[in-house]
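A structural walkthrough
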There are 2 protein chains.
Amino acid sequence: MPESDAEVESESDAEVEASAPPGEGTPEPGTVRPGGRTARVRAAVLRAAGDVLAEHGFAHLDLADVARRAGVGKTTVYRRWGSVTALVAELLRDMAEQSLPRVDTGSALGDLRANAELVQRTLADERQGALFRAVIAAGVCDTHAAAALRHFYEVRVAEWEPCVTAAVARGEFPEGTDAGAVVRAVSAPLYYRMLTTGAAPDPADAHQAARAAVAAAAAGVYAAPR
Amino acid sequence: MPESDAEVESESDAEVEASAPPGEGTPEPGTVRPGGRTARVRAAVLRAAGDVLAEHGFAHLDLADVARRAGVGKTTVYRRWGSVTALVAELLRDMAEQSLPRVDTGSALGDLRANAELVQRTLADERQGALFRAVIAAGVCDTHAAAALRHFYEVRVAEWEPCVTAAVARGEFPEGTDAGAVVRAVSAPLYYRMLTTGAAPDPADAHQAARAAVAAAAAGVYAAPR
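Residues numbered from 1 in each chain as written. Chains lettered and ligands numbered in written order. Predicted model: local features only at pLDDT ≥ 70, side-chain atom pairs only at ≥ 80, totals over all residues. Heavy atoms only, no water.

Brief notes about the overall build of chain A
Heads up, the condition is: What counts as a helix is a DSSP run of H or I of at least four residues, what counts as a strand is a run of E of at least two, and both are numbered from the N terminus. We call a residue buried when its accessible area falls under 20% of the maximum for its residue type, exposed when it is over 50%, and partly exposed in between, using a 1.4 Å probe and counting protein chains only. Here, two residues are considered to be in contact whenever any of their heavy atoms come within 4.5 Å of each other. Per-residue accessibility takes into account occlusion by the displayed protein chains alone, with areas from the Shrake-Rupley method and a 1.4 Å probe.
Counting secondary structure elements, chain A contains ten helices and zero strands. Along the chain direction, N to C, the helices and strands of chain A fall in the order α-α-α-α-α-α-α-α-α-α. In chain A, which comprises 226 residues, the share counted as buried stands at 50%. In chain A, 65% of the contacts between residues at least 6 apart in sequence involve partners at least 24 apart. Of the roughly 10,000 Å² of accessible surface on chain A, a fraction of 52% belongs to carbon and sulfur atoms.

The structure is reproduced here in structure tokens:
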């Protein structure tokens, strides 16, 4: 039986699995044909969850509402994710996977400025900024969301650490500079501004954050024993 | 009629006002005998609100629960504060008033290190750290709480700005250094660590934050046009 063209309205995963081509055996849960309906259901549910978080915040995230917005059966969503925190955790894993790759401009200031601009644009974007505020609030309220949030930032920081390692190799920063600390130093003032003033950071904030991180790293602040 | 020694169990503010000594005239609302029962009710309610926020977070803040914990009549709390966000706003005003004064050690690093240590100890304290996470989450969820949070940080940053102004006068930082930006730069990595990892910053984080802010300020990062 060929894959149905029906959109993501099936009432349960059973239907998805029943439509798998014969002879494939029983796949592991969550690995059913990544490009198929399972993947489309996942994408639709994560998009809907992001919309609800951005519009209403973590406190109002409700699986039935997400299912309705995604055009997916409630049973599917409850069986697959089971709780709002599991859904937030998967959304954060998805955001980590889609985190943009680091750039290589040939200088620490160029690279970290690009990183700062990326963070700034994300936080200043209406939907994405609201989504980040919501997942940070979720991390405050819930330990599962906090673990997922921590993982998201570990992935994101690790992606940009080679910019610092390269700067050390070029002699811009001293040996022993903590690459993760420098990358976090770029983001910190932008998040701090958003969370304490409610205002999104602007491009000038991003440039100042990058210049500050570079000046402190060049002065050896992140190479000194803490 | 002399002031009653009864604790803060009165069912309404009317009783408080009725017990005011004769001949004082009618005081403005909120200004009734600051050391008297009104002040005790306020202190008990704010303490209870802080406890609920620290233990359960903003989403579970409930005026009736706060009244019960404070040993104050529900009517008093509803009439005086009216909403949980008004209560959070008053708690943040109270926290701003009680914010510790800046120090003067004679050097930018000494002063900003003292500031960083104060922020670090606050965020690492179990009750206060939980309270700060809760009010930041409240700021994400609610525009009134966001305005109160913004005011809190304006007061706190302004208290420490003279440390930077003095450093400029001593020639440690260039003319035109944005004092508020330097003070915020000290706090930013400590809050960022707490909110993205769920872990409280430690004293080494505080010292690194102060050294980074001083290095960037000395390099003119906060004096350059943004």
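After that view, the rundown keeps rolling.
A word on the environment of A181(A)
Take A181(A): it is sitting in helix α9 (residues 179-197). A relative accessible area of 7% places A181(A) in the buried class. For the pair A181(A) and A217(A), spaced 36 residues apart in the sequence, the C-alpha separation amounts to 9.2 Å. When neighbours within four sequence positions are excluded, A181(A) is seen to be in contact with Y222(A) and Q208(B).

Topic: the nonpolar core
Spelled out, the test is: To qualify as a nonpolar core, a set must consist of buried Ala, Val, Leu, Ile, Met, Phe, Trp, Tyr and Cys residues joined through side-chain atoms within 4.5 Å.
With 144 residues, the main nonpolar core has F173(A) and F173(B) as its most contacted residues. Residues in contact with F173(A), not counting those within four places in the same chain, are A108(A), L112(A), V164(A), A167(A), V168(A), V182(A), V214(A), A217(A) and A218(A).

A closer look at helix α9 (residues 179-197) of chain B
All names here are of chain B. Formally: Take the number of residues in a helix, subtract one, and multiply by 1.5 Å to get its expected span. What the bend at a residue measures is the angle between two axes, fitted to the seven residues ending there and to the seven starting there. Whenever two N or O atoms come within 3.5 Å, that pair is a polar contact, provided that in protein one can donate a hydrogen and the other can accept it, and provided that, for residues adjacent in sequence, both atoms are side-chain atoms.
Over its 19 residues, α9 runs 28 Å from end to end, which matches the ideal 27 Å to within 8%, given 1.5 Å per residue. Where α9 bends most, at S187, the angle is about 30 degrees, and the proline P189 comes one to four residues later. The element α9 is extensively covered by neighbouring structure, given that 16 of its 19 residues are classed as buried. The N-cap of α9, judged by a side-chain oxygen 3.2 Å from the amide nitrogen of G180 a few residues on, is D178. G198, located one to two residues past α9, shows a positive phi value of around 80 degrees.

Brief notes about the interface of chain A and chain B
The condition that has to hold: One side-chain nitrogen of Lys or Arg within 4 Å of one carboxyl oxygen of Asp or Glu is enough to make a salt bridge. Here the term charged refers only to Asp, Glu, Lys and Arg, the term nonpolar to Ala, Val, Leu, Ile, Met, Phe, Trp, Tyr, Cys and Pro, and the term polar to all other amino acids, Gly among them.
With 33 residues of chain A in contact, the opposing surface of chain B contributes 33 residues. Applying the counting criterion to the chain A and chain B interface returns zero salt bridges. For the interface between chain A and chain B, the tally reads four residue pairs in polar contact (both at pLDDT 80 or more). The set of elements that each furnish at least two residues to the side of chain A that touches chain B consists of α7 (126-141), α8 (143-169), α9 and α10 (203-218) of chain A. Here the side of chain A that touches chain B gets eleven residues from one element, more than from any other, and that element is α9(A). A per-class count over the side of chain A that touches chain B returns 21 nonpolar, four polar and eight charged.

Some remarks on the relation of the copies chain A and chain B
Spelled out, the test is: Only residues with pLDDT of at least 70 in both copies count here: their C-alpha atoms drive the least-squares fit that superposes the copies.
When chain A is brought onto chain B, the operation consists of a screw motion whose angular component is 180 degrees and whose axial shift is 0.0 Å, with 0.0 Å RMSD remaining. In the structure described here, the two chain copies are related by an operation that fits a two-fold rotation axis. Proximity to the rotation axis, assessed at the C-alpha, singles out A137(A) in chain A; its C-alpha lies 2.4 Å from the axis. Both copies present the same face, since 100% of the interface residues in chain A are matched by interface residues at the equivalent positions in chain B.

Examining the packing of aromatic side chains
Two numbers describe a pair of aromatic rings. These are the distance of the centres and the angle of the planes. The following threshold applies: Two rings from Phe, Tyr or Trp (for Trp, the six-membered ring) form a pair when their centres are within 6.5 Å of each other. A pair whose planes differ by under 30 degrees is stacked, one over 60 is edge-to-face, and the rest are tilted.
Following the criterion strictly, the structure yields twelve aromatic pairs over all chains and no others. Ring centres of Y153(A) and Y191(A) lie 5.7 Å apart, and the angle between their planes is 80 degrees; on these two criteria the pair is classed as edge-to-face. Here Y153(A) is found in helix α8, whereas its partner Y191(A) is found in helix α9, with 38 residues between them in sequence. For Y153(A), a relative accessible area of 5% puts it in the buried group. Through pairs of rings, three or more aromatic residues link up here, namely F132(A), F152(A), Y153(A), Y191(A) and Y192(B).

Quick notes on the side chain of D142(B)
All names here are of chain B. Locating D142 in the fold gives a position in the loop between α7 (126-141) and α8 (143-169). A polar side-chain atom of D142 sits 2.8 Å from the main-chain amide nitrogen of H144. Look past the residues within four positions of D142 in its chain and what remains in contact with it is F58 and T85.

With respect to the packing of helix α2 (residues 37-56) of chain A against helix α3 (residues 63-70) of chain A
Residue and element names in this part refer to chain A. For the record, the criterion: The axes are straight lines fitted to the C-alpha atoms, using for helices just the contacting stretch, and the angles between their N-to-C directions are given from 0 to 180°. Note on terminology: angles under 35 degrees are roughly parallel, angles over 145 are roughly antiparallel, angles of 65 to 115 are roughly perpendicular, and the others are oblique. Less than a right angle of anticlockwise turn of the near helix away from the far helix marks a crossing as left-handed, whereas a clockwise turn marks it as right-handed.
Taken N-terminus to C-terminus, the directions of α2 and α3 make an angle of 120 degrees; their axes are 8 Å apart at the nearest point. Taken together, the axis directions place α2 and α3 in an arrangement best described as oblique. Where α2 crosses over α3, the handedness of that crossing is right-handed. Where α2 approaches α3, its residues A44, V45, A48, A49, D51, V52, E55 and H56 are matched on the opposing element by D65, V66, R69 and A70. Residues that form the contact of α2 with α3 fall into these classes: seven nonpolar, one polar and four charged.

Digging into the environment of A49(A)
All names here are of chain A. Checked against the element boundaries, A49 lands in helix α2. Overall, the relative accessible area of 1% leaves A49 in the buried class. For A49 and V182, which are 133 residues apart along the polypeptide, the C-alpha to C-alpha distance reads 32 Å.

Points about α2(A)
A rise of 1.5 Å per residue sets the reference length of α2(A), with its 20 residues, at 28 Å; its end C-alpha atoms lie 28 Å apart and thus fit the reference within 8%. Note on α2(A): the residue one or two positions beyond its end, G57(A), has a positive phi of about 90 degrees.

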